[in-house]
Amino acid sequence: MTDQIDVAIIGSGPSSLSAAIELKALGIARVVVLERDPEAGGIPRHCGHPPFGIREFKRVLTGPQYARKLVATARLVGVEIRTSTTVVEARPDGKLLLATKDGVAEIAPRRVIYATGVRETPRSCRFITGPRPLGVVNTGALQSTVYLQDRTPFERPVIIGTELVSFSAIMTCRHAGIKPVAMIEANEGVTARWPTGLFPRIVGVPLHLGTRLSAILGNRSVTGVEVVDRAGNHRVINCDGVILSGQFTPEVALARCGHLAVDAATKGPVVDQYGRCSDPCYFATGNVLRPVETAGWSWNEGRQTARWVAADLAGDLAPVGAEIEVVAADPVIRYVVPQRLSLAAGSAGMKHLQLRVTRRAKGTLVAMCGDQTLWKMPLNARPERRILVPVGKFTAAGKPVKIELKFIAE
């Protein structure tokens with residue numbers, strides 16, 4: 001084995017492992033996955049329920065089964081997985097400073113792929129008033145406690161949010177014998193796609209739409225939550241725990257502390273249609289690009305990114321040069337990925353830009369270059385729903401310009 005690492009991948013979730021497996025399939029000699037936890041597999045390790053693996057393995061798996069299968073496949077094809085290895089600094093030209101149980105080390109792979117995923121927004125960033133009792137967790141912490149530590153942090157929690165992960169929290173509770181007393185959503189509709197909104201009612205969890213959390217009650221432990229409905233009425237729901245679900249943000253502390261450009265809208269690295277970052281030795285893939293997609297979607301993005309990285313190593317990728325900048329210039333448009341489009345890439349790379357909206361939006365999506373309307377399309381979307389726009393609509397501009405995306409309501 002050569003000492004030269006061809007590609008180092010930070011993180012070991014679905015996008016990371018699929019990228020690693022694909023790189024080996026493309027003939028890349030040495031691929032190393034760097035994982036700070038003692039075990040590889042990413043978030044699916046915590047999710048003890050199905051469905052995972054339908055797109056990847058044509059089977060319905062639980063999260064741990066899915067994670068183990070990805071890790072086993074990666075090792076089988078020769079991917080080197082280093083667990084308990086934390087990247088503490090990402091330096092220019094792909095140099096990485098590592099902290100391991102044996103001390104500090106530095107590596108200099110030819111390319112680096114960021115695949116550090118997302119995390120749910122903690123209480124401290126949600127501006128929730130009140131004391132700090134025990135029993136307030138995110139879904140990820142709940143799943144880790146239940147599935148990895150075989151413990152139950154409470155018996156009668158309230159679930160905040162109705163994103164897809166919020167329903168995963170219900171399934172985790174049911175697995176552990178925990179009985180949620182309510183599910184609360186500040187918006188007037190369920191965020192996740194239909195028919196997920198039926199699930200709480202089927203399993204006996206009252207769903208309160210148009211209701212927001214105003215305070216968590218209790219001193220040493222949670223005794224209740226105060227909520228406010230759409231009419232401004234306050235009331236208390238008795239409970240012994242709170243699950244703050246969703247509101248994901250990319251896990252990008254490493255990039256923020258380093259030299260890579262970070263997008264203010266996605267909170268992830270700025271990338272072009274190859275997933276190439278502001279330092280061309282770095283690529284990014286999976287949920288670190290934006291919050292948030294399914295494991296299967298991220299797995300597929302990892303494979304695509306691997307192909308672009310392999311092409312770059314072979315000198316076959318369009319070089320960094322003239323670019324089109326795409327920005328979300330309307331508060332209704334939450335973000336756009338990628339943010340830069342290489343004119344030299346032509347039709348290569350990502351085929352679509354990914355957008356999300358901040359609220360239910362029905363009207364017209366418009367791309368503007370200065371005062372000129374480049375194109376427009378009907379838009380009928382809800383928050384947390386993926387919107388895809390062909391990249392060709394933007395690169396047709398043919399010159400390095402700034403394109404602003406705006407929304408016109410009906």
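In what follows, the structure referred to is the one given above.
Just so it is clear, the model here is predicted, and its values are computed rather than measured.

Considerations on the sheet that holds strand E23 (residues 361-369)
Thinking step 1. Reading across from one edge, E21-E19-E26-E23-E24 is the order of the five strands in this open sheet, with mixed pairing throughout. If you trace the sheet from one side to the other, it starts and ends with strand E21 (340-342) and strand E24 (372-381), each paired once. Taking each pair of neighbouring strands and ignoring which way they run, the sheet shows an average axis angle of 25 degrees.
Thinking step 2. Both strand E19 (residues 323-328) and E21 contribute to a ladder of three bridges, which runs antiparallel. Within E21, the residue paired with Ile324 across the bridge is Leu341.

Thoughts on the pairing of strand E10 (residues 157-160)
Thinking step 1. The alternating pattern of E10 places Pro157 and Ile159 on one face and Val158 and Ile160 on the opposite face, and all of these are buried.
Thinking step 2. With four bridges connecting them, E10 and strand E16 (residues 241-244) associate as parallel partners. What sits directly across from Val158, in E16, is Val242.
Thinking step 3. Here E10 runs beside strand E11 (residues 182-185); their pairing, made up of three bridges, is parallel. The residue bridging Ile160 from the neighbouring strand is Ile184, located in E11.
Thinking step 4. The handedness of the E10 to E11 crossover, carried by helix H5 (residues 164-176), is right-handed.

Things to note about the sheet that holds E10
Thinking step 1. With parallel pairing, five strands are arranged side by side in an open sheet as E9-E16-E10-E11-E12. This sheet does not close on itself; its edge strands, each paired only once, are strand E9 (136-138) and strand E12 (207-209). The mean angle between the axes of side-by-side strands here comes to 20 degrees, regardless of whether they run parallel or antiparallel.
Thinking step 2. Two strands pair when backbone bridges link them, and E11 and E12 are joined in this way by three bridges, in the parallel orientation. Bridge pairing links Glu185 to Leu209 in E12.
Thinking step 3. Taken strand by strand, helix H4 (residues 139-148) contacts E9 and E16, and its axis lies near 95 degrees from that of E9.
Thinking step 4. Along the sheet, H5 makes contact with E10, E11 and E16, crossing E10 at roughly 160 degrees.

Conventions we followed
Throughout this description, residue numbers start from 1 for each chain and increase along the sequence as written. pLDDT decides what is reported in this predicted model: residues at 70 or higher carry local features, side-chain atom pairs at 80 or more are listed and counted, and totals for whole chains, interfaces and linings draw on all residues regardless. Side-chain numbers come from the whole structure's heavy atoms, not from hydrogens or water. Two strands pair if DSSP finds at least two bridges between them. Secondary structure follows DSSP: runs of H or I at least 4 residues long count as helices, runs of E at least 2 residues long count as strands, and numbering of each begins at the N terminus. Throughout, an axis means a line fitted to C-alpha atoms (over the contacting stretch in the case of helices), and angles, computed between N-to-C directions, take values from 0 to 180 degrees. Only protein chains enter the accessibility calculation, which uses a 1.4 Å probe. A residue is then buried if its area is under 20% of the maximum for its type, exposed if over 50%, and partly exposed in between. When the strands point away from the viewer and the path from the first strand over the helix to the second turns clockwise, the crossover is right-handed. Note on contacts: a residue pair is in contact if any heavy atoms of the two residues lie within 4.5 Å.

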